[in-house]
Amino acid sequence: MNPYRLLRPLLFRLDPERAHHLAVGATALLEQVVAASPVAPRPPSDARLRQTICGLEFPNPVGLAAGFDKDARAPHVWPLFGFGFAELGTLTRHAQPGNPRPRMFRLPADRGLINRLGFNNEGADAAAARLARALGRRRPPVPLGINLGKSKITELADAPADYRYSLERLFAYADYITINVSSPNTPGLRDLQAEDELARLLQTVKEACLRLAIEQDCAPRPVFVKVAPDLDDDGLSRVVEVVHENEATGLIATNTTIRRSGLLATIDEAGGLSGAPLRARATEVVRLLRRRAGRAMPIIGVGGVFNAADAYEKIRAGADLVQLYSAMVYEGPFLARRIAGGLSELLARDGYANVADAVGIDA
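Caption draft 1: Quick look at the sheet that holds strand 5 (residues 104-107). Taken together, three strands build an open sheet; the order of strands is 5-6-11 and the sheet is antiparallel. Both outer strands of the open sheet, strand 5 and strand 11 (272-275), are each paired with one neighbouring strand and no more. Ignoring which end each strand starts from, the neighbouring axes of this sheet average 25° apart. One ladder, built from four bridges, connects strand 6 (residues 112-115) with strand 11; its direction is antiparallel. Bridge assignment links Leu 113 to a residue of strand 11, and that residue is Ser 274.

Caption draft 2: The arrangement of the packing of aromatic side chains in detail. All told, the structure shown has ten aromatic pairs when counted by the stated rule. Here Trp 78 and Phe 83 contribute two aromatic rings whose centre-to-centre distance is 6.1 Å and whose plane-to-plane angle is 75°, an arrangement assigned as edge-to-face. In terms of burial, Trp 78 and Phe 83 fall into one category: buried. Pairing Phe 81 with Phe 334 gives two aromatic rings, centres 5.1 Å apart and planes at 75°, and the pair type is edge-to-face. Of the two residues, Phe 81 is situated in the loop between strand 3 (62-64) and strand 4 (85-91) and Phe 334 in the loop between helix 9 (326-331) and helix 10 (335-349); the sequence distance between them amounts to 253 residues. The structure contains a cluster of three or more aromatic residues connected by ring pairs, namely Phe 68, Trp 78, Phe 81, Phe 83, Tyr 325 and Phe 334. One cation-aromatic arrangement involves Arg 111 over Phe 306; the distance from NZ or CZ to the ring centre is 4.3 Å. For Arg 169, the ring lying beneath its charged end belongs to Tyr 165, and the centroid distance is 3.9 Å.

Caption draft 3: How the structure looks around the pattern of salt bridges. In this structure the tally under the stated criterion is 22 salt bridges. Across the pair Arg 211 and Glu 215 runs a salt bridge whose closest N-O atoms are separated by 3.5 Å. Placement of the pair is Arg 211 and Glu 215 together in helix 5 (residues 195-215), with a separation of four residues, close to one helical turn. Under the relative-accessibility criterion, Arg 211 is labelled partly exposed at 33%. Where Asp 320 meets Arg 295, a salt bridge forms, and the shortest distance between an N and an O atom there is 3.2 Å. Of this pair, Asp 320 sits in the loop between helix 8 (308-317) and strand 13 (321-324) while Arg 295 is found in the loop between helix 7 (279-293) and strand 12 (299-302), placing the two residues 25 residues apart along the sequence. In this structure Asp 320 comes out as buried when scored by relative accessible area, which is 5%.

Caption draft 4: Here's a closer look at the pairing of strand 6. Burial of strand 6 is two-sided: the residues Gly 112 and Ile 114 facing one way and the residues Leu 113 and Asn 115 facing the other way are all buried. Note: strand 5 against strand 6, four bridges, orientation antiparallel. Counterpart to Leu 107 in the pairing with strand 6 is Gly 112. Here strand 5 folds back onto strand 6, and the loop between the two strands holds four residues, one of which, Arg 111, carries a positive phi near 55°.

Rules behind the numbers
Residues numbered from 1 in each chain as written. Predicted model: local features only at pLDDT ≥ 70, side-chain atom pairs only at ≥ 80, totals over all residues. Heavy atoms only, no water. Pairing = 2+ DSSP bridges. Helix = DSSP H or I, 4+ residues; strand = E, 2+ residues; numbered from the N terminus. Axes fitted to C-alpha atoms, helices over the stretch in contact; angles between N-to-C directions. Phe/Tyr/Trp six-rings, centres within 6.5 Å; stacked < 30°, edge-to-face > 60°. Buried < 20%, exposed > 50% of the residue type's maximum accessible area, 1.4 Å probe, protein only. Lys NZ or Arg CZ within 6 Å of the ring centre and 35° of its normal. Salt bridge = Lys/Arg side-chain N within 4 Å of Asp/Glu carboxyl O.

Read these as geometric descriptors, not functional statements.
So, in structure tokens, the structure goes:
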């Protein structure tokens with residue numbers, strides 16, 4: 001039995017954002033213990049689960065999606081919960097409070113969430129100072145991604161400089177960078193997925209990455225672009241072309257959706273829908289991107305991953321790695337550990353020596 005299910009009814013009596021802040025606070029306290037421990041926790045791993053992607057070693061393919069650890073408060077904790085990598089943020093150049101409350105809503109009947117948080121965070125400078133302290137003695141044994149977004153006060157024309165500022169502050173602490181151009185909760189942000197805007201943004205980011213790598217005498221960081229599930233097939237194909245042409249590394253599919261079709265709950269709230277209702281569309285987008293991008297481009301699949309079968313579905317559709325966040329609201333903090341173990345069993349059942357052998361076989 002999953003012990004979290006005994007605690008969940010109590011948490012669900014709280015406002016969703018209040019419960020989220022309690023979870024973040026508890027994780028930040030645990031971070032102090034883990035960071036001070038002489039032995040770093042290790043996530044589940046075996047020969048079937050391990051991969052090397054973009055020169056990074058992933059002990060298992062199950063990662064924390066951006067949105068939980070917005071201010072990079074707990075970089076060392078995630079392997080304890082079973083995650084093979086973690087993505088921190090979304091972080092913006094300017095500190096910002098986000099959208100007015102209430103702005104998070106549970107959909108228990110659908111195992112979903114709606115949020116319109118609006119990139120609430122303390123800003124890139126505060127996160128950089130925190131990570132400098134946290135990572136000074138040692139880094140966690142899993143890759144850390146940092147998810148960057150546009151500040152709400154920044155005009156679309158100035159977006160590349162806004163992302164570049166955050167990148168310059170956070171580059172040293174990231175194993176990879178995610179360019180978030182797909183949240184529905186920042187006005188105009190999704191316009192950056194258009195060909196010309198995305199190309200201009202990626203050119204700025206890539207140039208900054210190369211310059212920073214030279215200045216810091218390190219390898220350039222892989223750059224991923226996180227896309228919306230609400231783009232049509234042509235729009236997704238154009239994103240793949242721009243990513244190829246501008247030599248970005250890979251794609252993350254998908255962000256939250258503004259669609260509401262098929263929900264059991266009756267709710268009239270704006271924002272991005274995540275969780276189980278997003279699973280099928282996110283997998284469909286992964287499959288389309290894999291067909292368009294070919295085998296070489298790394299793809300991270302996210303949306304509706306609640307169990308090992310969901311993760312395996314996305315891997316078979318074309319995802320090299322998967323991420324989750326909303327599912328933890330319903331299944332608890334150790335969900336990644338259970339999924340990693342289940343994935344290893346599924347790969348063994350189907351005769352795959354490594355997760356990479358199963359990537360895209362249904363695409």
